[in-house]
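These are the residues of each chain, in order.
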Amino acid sequence: MTSPGLLRGCLLATLSATLVAAAAVTPAQAEHRPASAAAVTFSDTFDGPAGSGVDSAKWQLETGDNVNNHERQYYTPGTDNAKLDGQGHLVIEARRENPGNYRCWYGTCEYTSARLNTSGKFTATYGHVEARMKIPRGQGIWPAFWMLGQDIGEVGWPNSGEIDVMENVGFEPSTVHGTLHGPGYSGSGGIGAGYTLPNGEAFADAFHTFAVDWAPDKITWSVDGTAYQTRTPADLNGNEWVFDKPFFLILNLAVGGYWPGDPDGSTTFPQQLVVDEVKVSTSGG
């Protein structure tokens, strides 16, 4: 991996050269210089008939349980828990049921839900990554939009790196979290911050856009266009920055786990993560 200091030096040298060149441009010339536009590299607006599945050219569904986080749900295949609503949305639904008699790490599964990813179909290295979604609510409910390094099969987690664009745990209805995980800063030691809506508003009440702007040695998180944190290698306490390589996208709705805790008597089902759009674009000039 390129030394961060060396890379920053190269970027500063390039910037200096660019500023010198720009200073020699007359106002008339500047007027006619076209700005570089952001190019969309991935987009899904989830258009299709109600009840149909996601585009298999873009997404695959993961199945099974997750003992690592002690989540309670079983992720099902097909359209059992993830399907289009016919109005331009993907609906991922968590239910308190087990019609397939699925087995989980703790015995007979109590809940079903869905998890989708783009591994082997789409990866990004840098750019603007966003999802417009309306998240669910309730104790023990854990929706997420995140990314994993495509090399996870070779190097394992957390060496693969993980970029959590948005996570919410149901006991914090007004707050979402953005986090980095990597070697030496994973799990509860992840590097991140939360963003809280004003006036006690809940994220489940409306659609919001969750995004990261990702560049070499720099990732910035935002909600509805408002940036709330930026992370660089300087934040990792000397640990390795593993975010200069291809990552794939993940959408999921978990139930229970170490962080959110399990559902209780106040939790109602079904709960839905409603996704309006997922988009990845290059950074505009």
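The sections below set out a description of the structure shown in this document. (Residues numbered from 1 in each chain as written. Predicted model: local features only at pLDDT ≥ 70, side-chain atom pairs only at ≥ 80, totals over all residues. Heavy atoms only, no water.)

The element strand S5 (residues 90-94) is largely enclosed, with a buried count of five among its five residues. Side-chain alternation along S5 places Leu90, Ile92 and Ala94 on one buried face and Val91 and Glu93 on a second face that is also buried. Across three bridges, the pairing between strand S4 (residues 82-84) and S5 is antiparallel. Paired with leucine 84 across the bridge in S5 is leucine 90. (Buried < 20%, exposed > 50% of the residue type's maximum accessible area, 1.4 Å probe, protein only. Helix = DSSP H or I, 4+ residues; strand = E, 2+ residues; numbered from the N terminus. Pairing = 2+ DSSP bridges.)

Pairing is antiparallel across the open sheet formed by seven strands, whose spatial order is S2-S9-S18-S11-S12-S13-S14. Sheet topology places strand S2 (60-62) and strand S14 (191-196) at the edges, where each strand pairs with a single neighbour. The average undirected angle you get between the axes of adjacent strands in this sheet is 20°. Relative to strand S13 (residues 175-181), strand S12 (residues 162-167) is paired through four bridges, and the arrangement is antiparallel. Within S13, the position partnered with glutamate 167 by the bridge is histidine 177. (Axes fitted to C-alpha atoms, helices over the stretch in contact; angles between N-to-C directions.)

Let's shift gears to the pairing of strand S10 (residues 127-134). Among the eight residues in S10, six count as buried, and that is most of the element. Direction of pairing for S10 relative to strand S15 (residues 208-215): antiparallel, over a ladder of seven bridges. The residue bridging glutamate 130 from the neighbouring strand is alanine 211, located in S15.

Below, the discussion takes up the packing of aromatic side chains. Under the counting rule described, the total for this entry stands at 13 aromatic pairs. Note on phenylalanine 42 and tryptophan 59: the rings are 5.8 Å apart at their centroids and 85° apart in plane angle, and the pair reads as edge-to-face. In this pair, phenylalanine 42 is assigned in strand S1 (residues 40-44) and tryptophan 59 in the loop between S1 and S2, connecting sequence segments 17 residues apart. Note on phenylalanine 42: relative accessible area 6%, which makes it buried. Relative to phenylalanine 122, the ring of phenylalanine 42 lies with its centre 4.7 Å away and its plane at 35°, an arrangement referred to as tilted. Note that phenylalanine 42 is positioned in strand S1 and phenylalanine 122 in the loop between strand S9 (115-117) and S10, a separation of 80 residues in sequence. With respect to class, phenylalanine 42 is no different from phenylalanine 122; both count as buried. In textbook terms, an aromatic cluster arises when at least three aromatic residues are bridged by ring pairs, as seen for Tyr126, Trp214, Trp241, Phe243 and Phe247. In this arrangement the basic side chain of arginine 72 is found over the ring face of tyrosine 106, its NZ or CZ atom lying 3.9 Å from the centre. (Phe/Tyr/Trp six-rings, centres within 6.5 Å; stacked < 30°, edge-to-face > 60°. Lys NZ or Arg CZ within 6 Å of the ring centre and 35° of its normal.)

In the structure shown here, the tally under the stated rule is nine salt bridges. Lysine 245 serves as the salt-bridge partner of aspartate 151, at 2.9 Å between the closest nitrogen and oxygen. Remark: lysine 245 occurs in the loop between strand S17 (226-231) and strand S18 (247-255) and aspartate 151 occurs in the loop between strand S11 (141-149) and helix H3 (152-155); sequence separation between them is 94 residues. A relative accessible area of 17% places lysine 245 in the buried class. A salt bridge links arginine 231 to aspartate 235, with the nearest nitrogen and oxygen atoms 3.7 Å apart. Given the relative accessible area of 26%, aspartate 235 is considered partly exposed. (Salt bridge = Lys/Arg side-chain N within 4 Å of Asp/Glu carboxyl O.)

What follows covers the state of the cysteines. Summed over the entire model, instances satisfying the criterion amount to one disulfide. Between the sulfur of cysteine 104 and that of cysteine 109 lies a disulfide, 2.0 Å long from S to S. With the S-S bond torsion at 110°, the cross-link from cysteine 104 to cysteine 109 turns out right-handed. The same class applies to cysteine 104 and to cysteine 109, which are both buried. (Disulfide = S-S within 2.5 Å.)

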